[in-house]
Amino acid sequence: EKGGYDYFMLKEIAEQPKAVADTLLGRIDGSGTLLLDEVRIPPSELREVGKIVIVACGTAFHAGMIAKYAIEHWTRIPCETELASEFRYRDPILDHRTLVIAISQSGETMDTLMALRHAREQGARVLAICNTNGSTIPRESDAVLYTHAGPEVAVASTKAFLTQLVACYLVALYLGQVRGTKWGDEIHSVIQELSAISVQVEQVLGTMEPVRELARSLADKNTVLFLGRHVGFPVALEGALKLKELAYMHAEGFAAGELKHGPIALIEEDLPVVVVVPSPRGRSVLHDKIVSNIQEIRARGARTIVIAEDGDETVVPYADHLIRIPPTPTLLQPLVATVPLQVFACELATARGNEVDQPRNLAKSVTVE
Ligand code: F6R
């Protein structure tokens, strides 16, 4: 049932191109228009939405953080992403013009369920993004967009995360399409690029041997740091979460701009730091700032592990290890940048002799608050 792989996690990482393609299937027509009639909230109501709040936990929360960038950019609707476990306890401001998006692979996470119940009691509309047909979260929501990752068995979420991202992009682009924004042309071209993304994920998977080798060489380290900016920041958080839960290592993700506000004090000789570099073609100011960050930490002795786009030569002099990813539109980069981090964590866990599919102390679905 592991299809020839040693672990479900390896199988599920390998299934990502298909999971992504399946989640897009039937949702984009030949002319590049989104068809999301299954989201049974009528366009007239979507045009009235004044605020979006995303609630989720763990890896799904990281997908939600990325969705915020996409939603606000393409729709200009204010969007916040909140940990489901914090949400209802701070008396959030909600009304019938608030769209709450609950993201959950299992559809049974109690924190997320309680958050959405609270939102509905306050009159908000709830859209679930979920991987499990007929589970509690979609049943209790006004609408649902299913991810088509197939069953995810390994405790650490991989293919579900990528499909959650795809679903979030679809919602963001659909809202942009329904409401009309000045980014109409961009939306159209991003939809085209999204349809091609599963091939790029496949490409990344084909180049992972050096990442595995690197992971094995770091098996006796205690700490790994992750840096990113813009949508690369949640990617850094996700890379750190994977490493904590699988390798039981101290791992932290930071927004690269925060380095000088504290975390740079952690940098010492030979400390591995993974840096997610944004595309030099997109928001190039951010790209250049991250390159300076890499120089700064390297000057202080860090061992830099740089994830950068093919053809980005500016990072080469400062990268002790360079992991290449294919060029994508800025907002879609997490779909390709996360994959090496999953492989990295899985291989480190294996090298440390950990149980990859069943990390200690964790359950696949957390049904208590
Ligand atoms: C991490 C992981 C967890 C889940 C979180 C939410 O690899 O799997 O952080 O993402 O418990 O679970 P769902 O998506 O089922 O609500």
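Structural data are supplied above this passage.
Cut-offs and rules
Residues numbered from 1 in each chain as written. Predicted model: local features only at pLDDT ≥ 70, side-chain atom pairs only at ≥ 80, totals over all residues. Heavy atoms only, no water. Helix = DSSP H or I, 4+ residues; strand = E, 2+ residues; numbered from the N terminus. Rg over C-alpha atoms; globule rule 2.2 N^0.38 Å. Buried < 20%, exposed > 50% of the residue type's maximum accessible area, 1.4 Å probe, protein only. Contact = heavy atoms within 4.5 Å. Lys, Arg positive; Asp, Glu negative; His and termini not counted. Charge placed at Lys NZ, Arg CZ, Asp CG, Glu CD. Near = heavy atom within 4 Å. Polar contact = N/O pair within 3.5 Å; in protein donor to acceptor, adjacent residues only side chain to side chain. Areas by Shrake-Rupley, 256 points an atom, 1.4 Å probe, with all protein chains shown as cover. Pairing = 2+ DSSP bridges. Axes fitted to C-alpha atoms, helices over the stretch in contact; angles between N-to-C directions. Parallel < 35°, antiparallel > 145°, perpendicular 65-115°, else oblique. Left-handed = near helix turned anticlockwise from the far one by under 90°. Nonpolar A, V, L, I, M, F, W, Y, C, P; charged D, E, K, R; others polar.

### Quick notes on the overall build of the protein chain
Within the protein chain, the secondary structure is distributed over 14 helices and 10 strands. The C-alpha radius of gyration of the protein chain comes to 20 Å, within 12% of the 21 Å expected for a compact globule of 369 residues. Dimensions of the protein chain along its principal axes, counting C-alpha atoms only, are 55 × 45 × 40 Å. The buried share of the protein chain, reckoned over its 369 residues, is 58%. In the protein chain, the share of contacts with a sequence separation of at least 24, taken over all contacts with a separation of at least 6, comes to 74%. Across the protein chain, the mean location of the 36 positive side-chain charges is 3 Å away from that of the 47 negative side-chain charges.

### Quick word on the site of the ligand
Among the 14 residues in the neighbourhood of the ligand, the closest are listed as Ser104, Gln105, Ser106, Thr109 and Glu245. In the environment of the ligand, an oxygen atom lies 2.6 Å from a nitrogen or oxygen atom belonging to the side chain of Ser104. Take Thr109: an N or O atom from its side chain is 2.5 Å from an oxygen atom of the ligand. Surface burial for the ligand is 88%, taken as the share of its 410 Å² of free accessible area covered by protein chains. Listed by contribution, the elements that provide at least two residues to the shell around the ligand are helix 4 (58–75) and helix 12 (232–247).

### Overview of the sheet that holds strand 7 (residues 250–255)
Across the sheet, 5 strands lie side by side as 7-6-8-9-10; this open sheet has parallel pairing. Pairing within the sheet leaves two strands with one partner each, and these edge strands are strand 7 and strand 10 (321–325). Neighbour to neighbour, the strand axes of the sheet diverge by 20° on average, direction disregarded. By the bridge criterion, 3 bridges tie strand 6 (residues 223–228) to strand 8 (residues 272–276) in an arrangement that is parallel. Bridging from a neighbouring strand, Leu225 pairs with Val273 of strand 8. Along the sheet, helix 12 makes contact with strand 6, strand 7 and strand 8, crossing strand 7 at roughly 175°.

### Observations regarding unusual backbone geometry
Leaving glycine aside, a negative phi is the common case for residues, and trans is the common case for peptide bonds. Look at Asp270: it is not a glycine, yet its phi comes out positive at around 70°. Following the sequence through the fold, Asp270 ends up in the loop between strand 7 and strand 8.

### What about the sheet that holds strand 1 (residues 51–56)?
In spatial order, the strands read 2-1-3-4-5; together these 5 strands make up an open sheet with parallel pairing. This sheet does not close on itself; its edge strands, each paired only once, are strand 2 (79–83) and strand 5 (143–146). The mean angle between the axes of side-by-side strands here comes to 20°, regardless of whether they run parallel or antiparallel. Where helix 6 (residues 110–121) meets the sheet, it contacts strand 1, strand 3 (98–104) and strand 4 (125–130), and its direction lies at approximately 165° from that of strand 3. Against the sheet, helix 8 (residues 159–179) makes contact with strand 1, strand 3, strand 4 and strand 5, and its axis sits at roughly 140° relative to strand 4, the strand it touches most.

### Remarks on the packing of helix 12 against helix 14 (residues 334–351)
For the pair helix 12 and helix 14, interaxial distance at closest approach is 9 Å and the crossing angle is 20°. Taken together, the axis directions place helix 12 and helix 14 in an arrangement best described as roughly parallel. The way helix 12 lies across helix 14 gives a crossing that is right-handed. Contacts between helix 12 and helix 14 involve Val235, Glu238, Gly239, Lys242, Leu243, Leu246 and Ala247 from the former and Pro334, Ala337, Thr338, Leu341, Phe344, Ala345, Cys346, Leu348 and Ala349 from the latter. Of the residues in the contact of helix 12 with helix 14, the class split is 12 nonpolar, 2 polar and 2 charged.

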